[in-house]
Amino acid sequence: MVDYRALQKARSIMKTQFGESCTYDWGVELTVRYEDPLVWCYAIIVFLADWNWMYYKGKSSSEVVLSIMEGLCPLLKEVKDIILKFRMLKLDEIQYSELEDLKPIIVGLFNRMAKIVGFTGASKVLHLLAPSFFMMWDDKIREHYGVGADGDGYYEFLRKMRDEVREAIKSYSRERGIADYSKAREELEKNFSKPLLKVMDEYNYLTFTKKIKF
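Keep in mind the model is a prediction, meaning the values are calculated, not measured.

Parameters at a glance
All residue numbers refer to positions counted from 1 along the written sequence of the respective chain. Thresholds applied to this predicted model are a pLDDT of at least 70 for local features of residues and 80 or more for the giving and counting of side-chain atom pairs; totals over whole chains, interfaces and linings are not thresholded and use all residues. Computation of side-chain values: all heavy atoms of the structure, hydrogens and water removed. Buried Ala, Val, Leu, Ile, Met, Phe, Trp, Tyr and Cys residues that are joined via side-chain atoms within 4.5 Å together make up what is termed a nonpolar core. Relative accessible area decides the class of each residue, using a 1.4 Å probe on protein chains only: under 20% of the type maximum gives buried, over 50% gives exposed, and in between gives partly exposed. Strands are runs of DSSP state E lasting at least 2 residues, helices are runs of H or I lasting at least 4, and numbering of each runs from the N terminus. When two cysteine sulfur atoms lie within 2.5 Å, the pair is treated as a disulfide. The charge count treats Lys and Arg as positive and Asp and Glu as negative. His and the chain ends do not count. We count a salt bridge whenever a side-chain nitrogen from Lys or Arg sits within 4 Å of a carboxyl oxygen from Asp or Glu. The contact criterion used throughout is that any non-hydrogen atoms of two residues lie within 4.5 Å. A helix's residues, less one, multiplied by 1.5 Å, set its expected span. With axes taken as lines fitted to C-alpha atoms, and helix axes fitted only over the stretch in contact, angles between N-to-C directions fall between 0 and 180 degrees. Orientation categories follow fixed angle ranges, with anything under 35 degrees roughly parallel, anything over 145 roughly antiparallel, 65 to 115 roughly perpendicular, and all other angles oblique. Crossing chirality is assigned from the near helix's rotation relative to the far helix, an anticlockwise turn below a right angle marking it left-handed and a clockwise turn marking it right-handed. Residues are grouped as follows: Ala, Val, Leu, Ile, Met, Phe, Trp, Tyr, Cys and Pro are nonpolar; Asp, Glu, Lys and Arg are charged; all remaining types, including Gly, are polar.

Q: Describe the nonpolar core, and please don't skip the residues or the numbers.
A: Ile106, Met113, Phe133, Phe134 and Phe157 are the most contacted members of the largest nonpolar core, which totals 70 residues. The dominant element in this core, judged by the number of residues it contributes, is helix H6 (residues 96–129), at 14 residues.

Q: Run through the state of the cysteines, naming residues and quoting values.
A: Applying the stated criterion across every chain, the model contains one disulfide. Disulfide partner of Cys41: Cys73, at an S-S distance of 1.9 Å. An S-S torsion of about -85° defines the bridge between Cys41 and Cys73 as left-handed. On the criterion of sequence distance, the pair formed by Cys41 in helix H3 (residues 37–51) and Cys73 in helix H4 (residues 61–78) is long-range, its members being 32 residues apart. The exposure class assigned to Cys41 is buried, which follows from its relative accessible area of 1%. According to the relative accessible area criterion, Cys73 is buried, its value standing at 10%.

Q: Can you lay out the side chain of Asp201 for me, pointing to particular residues and giving the numbers?
A: The residue Asp201 is located in helix H10 (residues 196–209) in this model. Although buried, Asp201 forms no salt bridge, and the nearest oppositely charged side chain, Lys198, lies 5.1 Å from it. If we ignore the near neighbours within four places in the chain, the residues touching Asp201 are Met135, Met136, Trp137 and Ile141.

Q: So what's going on with helix H8 (residues 151–176)? Residues and values would help.
A: If you check H8, its first and last C-alpha atoms are 37 Å apart, about what 26 residues at 1.5 Å a residue would give, namely 38 Å. Where H8 ends, the next residue or the one after it, Gly177, has phi of about 70°, a positive value.

Q: Residues and numbers for the packing of H3 against H6, please.
A: At a minimum axis distance of 10 Å, the contact between H3 and H6 shows a crossing angle of 130°. As judged from the angle between their axes, H3 and H6 are oblique. Handedness of the H3/H6 crossing: right-handed. Within the contact between the two elements, H3 uses Trp40, Ala43, Ile44, Phe47, Leu48 and Trp51 and H6 uses Val117, Gly121, Lys124, Val125, Leu128 and Leu129. Its residues assigned to classes, the contact of H3 with H6 shows ten nonpolar, one polar and one charged.

Q: Quick one: what's the story with the packing of helix H5 (residues 80–87) against H6, residue by residue and with numbers?
A: Packing of H5 against H6 brings their axes to within 12 Å, and their N-to-C directions diverge by 95°. What the angle tells us is that H5 and H6 run roughly perpendicular. Together, Ile82, Ile83, Phe86 and Arg87 of H5 and Leu102, Ile105, Ile106, Leu109, Leu126 and Leu129 of H6 make up the contact between the two elements. A per-class count over the contact of H5 with H6 returns nine nonpolar, no polar and one charged.

Q: Can you tell me about the pattern of salt bridges, naming the residues and giving the values?
A: Applying the stated rule across the entire model yields 15 salt bridges. Measuring nitrogen to oxygen at the nearest pair gives 2.5 Å for the salt bridge that ties Glu29 to Arg33. Of this pair, Glu29 and Arg33 both sit in helix H2 (residues 22–33), four residues apart, which is roughly one turn of that helix. The salt bridge involving Arg159 is made with Glu156; its shortest N-O contact spans 3.9 Å. Of this pair, Arg159 and Glu156 both sit in helix H8, separated by three residues, roughly a single helical turn. We classify Glu156 as partly exposed; its relative accessible area is 32%. A single salt-bridge network, built from bridges that share partners, covers Arg11, Glu20, Asp25, Lys194, Lys198 and Glu202.

Printed below as a string of structure tokens:
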């Protein structure tokens, strides 16, 4: 299990070696601030063009924009209320039973998005829309955690990430003497200046995708 110091190291490496992503920060700010699926779609187009460019390799920018607009924008309008509910949740704070109840929704939502933007792209879209509940992944990360690329695999990945993030927060809580979990979580996330699930993704990316030891 990862502790918060490993996340701190990952955050530092991302900033110093890879820099910060304006498209990520802008995308999260835009999608969280507004409840308009058309605004979400606009932010996602820019975000995926930067963060999921391999999926669109060989396609023109107009083809990429058109495929997302025709496929994803109508879907976002349809599932708007579901997204807004997930936005109110924190993955690491819900109980296993609650997560299990949400499984059919998570699996269905992921699979529908994956048909439009691919398996990796679907995780990125969901994270951008609800950054405290959904996490991003890629092929190497999936391989490490031993989960499939479909909706069922993504659900199992979220279960694993729930435990990892909880352990990181608990390690921070123990070291700082903070008895209240939510307070420790809030303080740690404030220190990172990023969603905790994004920092966990950075740890996964550096460790399993880039093979960086730290």
